[in-house]
Amino acid sequence: AVGPDAPLSLTVMFKAASARIVLPNGKEVSLTSEDGYHWTGHWQVPTTPGPQAARLLVDGEDVGGMTLIAVAESEPTGGQAAPGGGP
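Parameters and conventions
Residues numbered from 1 in each chain as written. Predicted model: local features only at pLDDT ≥ 70, side-chain atom pairs only at ≥ 80, totals over all residues. Heavy atoms only, no water. Salt bridge = Lys/Arg side-chain N within 4 Å of Asp/Glu carboxyl O. Buried < 20%, exposed > 50% of the residue type's maximum accessible area, 1.4 Å probe, protein only.

Chemist: What exactly am I supposed to notice about the pattern of salt bridges here?
Modeler: If charged atoms from side chains of opposite charge come close, those side chains can pair. One pass over the structure, following the stated rule, counts two salt bridges. One salt bridge connects E28 with R20, and the closest N-O pair in it is separated by 2.6 Å. Using a relative accessible area of 44% as the deciding quantity, one classes E28 as partly exposed. Since its relative accessible area comes to 29%, R20 is described here as partly exposed. Between R55 and D62 there is a salt bridge, with the nearest N and O atoms lying 3.1 Å from each other. For R55, a relative accessible area of 22% translates into the label partly exposed.

From the geometry alone we can't say anything about function, so treat these as descriptive.
Here it is in structure tokens:
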């Protein structure tokens, strides 16, 4: 089950034409950018709190793992992203 959408943002160190996050269940989070460095999107937060491994693809290439953290609805952030992690 999924809960509300939570905003995501990330910055890459090189200019990119596309970026997306791939979740373990195969779903993707599309990201948009106006300058190719700062990317934003929305993640449907799972209703069960806890970490979720994901992969970051930039310009179609897997550039590494990241961990998205679903927090309980009573916590104000709704979701967080942490570098590293992932399979």
